[in-house]
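Residues per chain, in single letters:
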Amino acid sequence: GDTSAGRPQVRPLRSDVLVIHCHLDWGSEGEAQAAELQLWIDEECRKNQAAVIWCGDFNVGPAAPLLQALVAVGYSDAFGFKPEWASYCGARGKPHRLDYVLYKRPAQVAQQGTARSDFLGMSPRG
């Protein structure tokens, strides 16, 4: 999105839920982008006490330090950080999980479960 002085341009928060969608870069650049977003999210939530839904392409696997750091500050994944919920198929055809629906504060998953899919020729187990 548009940025000014490194900050996302957004309308004032008028809700009890802050929703952020991202597509982070790979590696340390993506980690820096996530850290900047986390600071912005914390700043917005200090003002509004909103629940947070942070979703998108984080470009890291479920065990990555970036996601572990987000868990340490209270985030959960709507799909439980399960690696078998592949969202990307690499050049060699191996499925990976890089996309997440994270939530924090009073937000919670209303119903856990999804319809079976043959995305990438696979059906999730879990």
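Everything below is about the structure printed above this text.
Residues numbered from 1 in each chain as written. Predicted model: local features only at pLDDT ≥ 70, side-chain atom pairs only at ≥ 80, totals over all residues. Heavy atoms only, no water.

Structural notes on the nonpolar core
Stated formally: Within this scheme, the nonpolar core is defined by two criteria: the residues are buried Ala, Val, Leu, Ile, Met, Phe, Trp, Tyr or Cys, and they are joined through side-chain atoms within 4.5 Å. Buried, partly exposed and exposed residues are distinguished by accessible area as a fraction of the type maximum, computed with a 1.4 Å probe on protein chains only: under 20%, between the cut-offs, and over 50%, respectively. Where helices and strands are cited, they refer to DSSP runs of H or I of at least four residues and of E of at least two residues respectively, numbered from the N terminus. Between two residues, a contact is recorded if the distance between any of their heavy atoms is within 4.5 Å.
With 22 residues, the main nonpolar core has I20, I41, W54, F58, L67, L70 and L102 as its most contacted residues. Those elements that provide at least two residues to this core are strand 3 (17-23), helix 1 (27-48), strand 4 (51-57), helix 2 (65-72) and strand 8 (99-104). The dominant element in this core, judged by the number of residues it contributes, is helix 1, at 5 residues. Other than its neighbours up to four places away in sequence, I20 contacts L37, W40, I41, V52, I53, W54 and C55.

Let's talk about the packing of aromatic side chains
Heads up, the condition is: Any two of the Phe, Tyr and Trp rings considered here, Trp counted by its six-membered ring, make a pair once their centres fall within 6.5 Å; the pair's planes then place it as stacked at under 30 degrees, edge-to-face at over 60, or tilted in between.
In the structure shown here, the tally under the stated rule is 4 aromatic pairs. Each ring, one from W54 and one from Y75, has its centre 5.7 Å from the other, and the planes form 70°; the classification is edge-to-face. Remark: Y75 occurs in the loop between helix 2 and strand 5 (76-77) and W54 occurs in strand 4; sequence separation between them is 21 residues. By the ring-pair criterion, three or more aromatic residues cluster together here, those being W54, F58, Y75, F81 and Y100.

Some remarks on the sheet that holds strand 5
To keep it simple, the criterion reads: At least two bridges found by DSSP between two strands are what make those strands a pair. A fitted line through C-alpha atoms serves as each axis, taken over the contacting stretch for helices, and the angle formed by two N-to-C directions is quoted from 0 to 180°.
Taken together, the 4 strands give an open sheet; going across it, the order is 3-4-8-5, and neighbouring strands pair in mixed fashion. Edge positions in the sheet fall to strand 3 and strand 5, since each has one partner strand and no second. Direction of pairing for strand 3 relative to strand 4: parallel, over a ladder of 7 bridges. Its bridge partner lying in strand 4, C22 is registered against G56. Docked against the sheet, helix 1 engages strand 3, strand 4 and strand 8, running at close to 170° with respect to strand 3.

Overview of helix 1
Quick note on the threshold: Between the first and last residue of a helix there are one fewer steps than residues, each counted as 1.5 Å, and that sum is the expected span.
With 22 residues, helix 1 extends 31 Å between its outermost C-alpha atoms, agreeing within 8% with the 32 Å of an ideal straight helix rising 1.5 Å per residue. Those residues of helix 1 not exposed but buried are G30, A34, L37, Q38, W40, I41, E44 and C45. The positive-phi residue at the C-terminal boundary of helix 1 is Q49, with phi of around 50°.

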